[in-house]
Amino acid sequence: MYLLAFWSGCFVMALELLGARALSPFFGSGIYVWGAVITLFMLSLSLGYLIGGSLSAHEPSLARLSALVLLAMAAALPCALAQEPILEAVAARVEDARYGALAGSVALFFLPITVSGAVSPYAVRLLVDRLGSAGRVAGWVFFVSTLGSTLGTLATSFYLVLIFDLDQIMAGLLATSAIVGVGGLLVARGGRGHAAAA
C-alpha cells in the first residue's frame, strides 16, 4: 500500500512536468502555461482526495486500491497515444493561449490526476483498518506519497528529459504503473488465498 502511494505521487509530478513541456509547442512556455498546469493538477488532486475518501468507506481492499492505479494509467493513455492531435484541436479552437493551455491541460490530465488523487486517502483507510493510529498512518502515507512526488520531479526534470523524448518517458510511466498496479492485484489475490486456506 505504501508502494502504491509512493508511485502515485511520483506519477503525478512526472505528468505535471511533462504536461508543461507538451503544451509549450502549442501555447508557449510562459508563466500562464505553468499556471494552467498547476491549477488543473491542484483541482484534480483535490477532487481525487474527496473521491478516494468516499470510495474507501465502502468495502476497501488492496485489490481496489491497485485498480485505482491501473485506472489512472488507463486514463493517461491519451497523453501517450493522442497528445498532439488533442492539443492541435484545442489550439485551433481556443485563440487565447492562456485558456488554450488550461483547456489542453483539462483534456489530457484531468482524469488521470483525479484518479491518482484518490490513491492516498484510500491507502490511509486501508492501513488504519489494519494498523490503527489514524494520525500516524496518515502522516506516513502522505510522507511516502510526497517523497514519491519529490523523486519523480527530480528524476524527470534532471535526468529523464535529457535522455529520452517525451513519448518514451510517457511509455515508461505507463508501463511502471501497470507493473505496480498488477503487482498489487497479485498480492491482494495471494492474501485472499492465504485467508481462504486458513
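Description of the structure in this document. From a predicted model like this one, the values you see are computed outputs, not experimental measurements.

A closer look at a negative patch on the surface
Residues Glu84, Glu88, Asp165 and Asp167 make up a contiguous surface patch of negative charge. Mapped onto the fold, glutamate 88 is located in helix α5 (residues 83–93). Taking relative accessible area as the criterion, glutamate 88 reaches 45% and is therefore assigned partly exposed.

With respect to helix α8 (residues 134–163)
The first and last C-alpha atoms of α8 sit 41 Å apart over 30 residues, in line with the 44 Å expected at 1.5 Å per residue. Helix geometry: α8 is bent most strongly at threonine 156, by close to 45°. Listed in full, the buried residues belonging to α8 are Val137, Val141, Val144, Ser145, Gly148, Ser149, Gly152 and Thr156.

Side note on the side chain of serine 66
Mapping serine 66 onto the fold places it in helix α3 (residues 62–75). Of the residues examined, serine 66 reaches a relative accessible area of 0% and is grouped as buried. When sequence neighbours within four positions are dropped, the list of residues in contact with serine 66 reads Leu4, Gly181, Gly184 and Leu185.

Here's the deal with unusual backbone geometry
Phi at glutamate 59 is positive, roughly 50°, even though this residue is not glycine. If you trace the backbone, glutamate 59 turns up in the loop between α2 (31–55) and α3. For glutamate 59, a relative accessible area of 62% puts it in the exposed group.

Points about the side chain of serine 8
Here serine 8 is to be found in helix α1 (residues 2–27). Once residues lying within four places of it in the same chain are set aside, the contact partners of serine 8 are Ser116 and Val119.

Here's the deal with the packing of aromatic side chains
In this structure the tally under the stated criterion is five aromatic pairs. Measuring from ring centre to ring centre gives 6.4 Å for phenylalanine 26 and phenylalanine 27, while their planes differ by 45°; the resulting arrangement is tilted. Relative accessible area serves as the criterion here: at 26%, phenylalanine 26 is assigned to the partly exposed category. For phenylalanine 27, a relative accessible area of 4% puts it in the buried group. When the ring of phenylalanine 41 is compared with that of phenylalanine 109, the centres are 5.6 Å apart and the planes differ by 50°; the resulting orientation is tilted. Of this pair, phenylalanine 41 sits in helix α2 while phenylalanine 109 is found in helix α6 (residues 97–117), placing the two residues 68 residues apart along the sequence.

Conventions and cut-offs
Just so you know, the residues in each chain are numbered from 1, in the order the chain's sequence is written. Restriction of local features to residues with pLDDT of at least 70 applies here, the model being predicted, together with a cutoff of 80 or more for giving and counting side-chain atom pairs; totals for whole chains, interfaces and linings are based on all residues. Hydrogen atoms and water are omitted, and side-chain values are computed over all heavy atoms in the structure. Patch rule: a residue counts if its relative accessible area is over 30% and it has no salt bridge; like charges are joined within 9 Å, and nonpolar side chains (Val, Leu, Ile, Met, Phe, Trp, Tyr) within 5 Å. Where accessible areas are quoted, they stem from the Shrake-Rupley method and a 1.4 Å probe; at the residue level, only the protein chains shown are allowed to cover. What counts as a salt bridge is simple: a side-chain nitrogen of Lys or Arg found within 4 Å of a carboxyl oxygen of Asp or Glu. Note on charges: Lys and Arg go in the positive column, Asp and Glu in the negative column, and His and the chain ends are not counted at all. Lysine's charge is taken at NZ, arginine's at CZ, aspartate's at CG and glutamate's at CD. In this description a helix means any DSSP run of H or I spanning at least four residues, a strand means any run of E spanning at least two, and both kinds are numbered starting from the N terminus. Here the term buried applies to any residue with accessible area under 20% of the maximum for its type, exposed to any over 50%, and partly exposed to those in between, with areas from a 1.4 Å probe on protein chains only. To estimate the expected span of a helix, subtract one from its residue number and multiply by 1.5 Å. Here the bend at a residue means the angle between the axes of two seven-residue stretches, the one that ends at it and the one that starts at it. Residues count as neighbours in contact if any of their non-hydrogen atoms are within 4.5 Å of one another. Classification of ring pairs rests on two measures: the distance between centres of Phe, Tyr or Trp rings, Trp counted by its six-membered ring, which must be within 6.5 Å, and the angle between planes, read as stacked under 30 degrees, edge-to-face over 60 and tilted in between.

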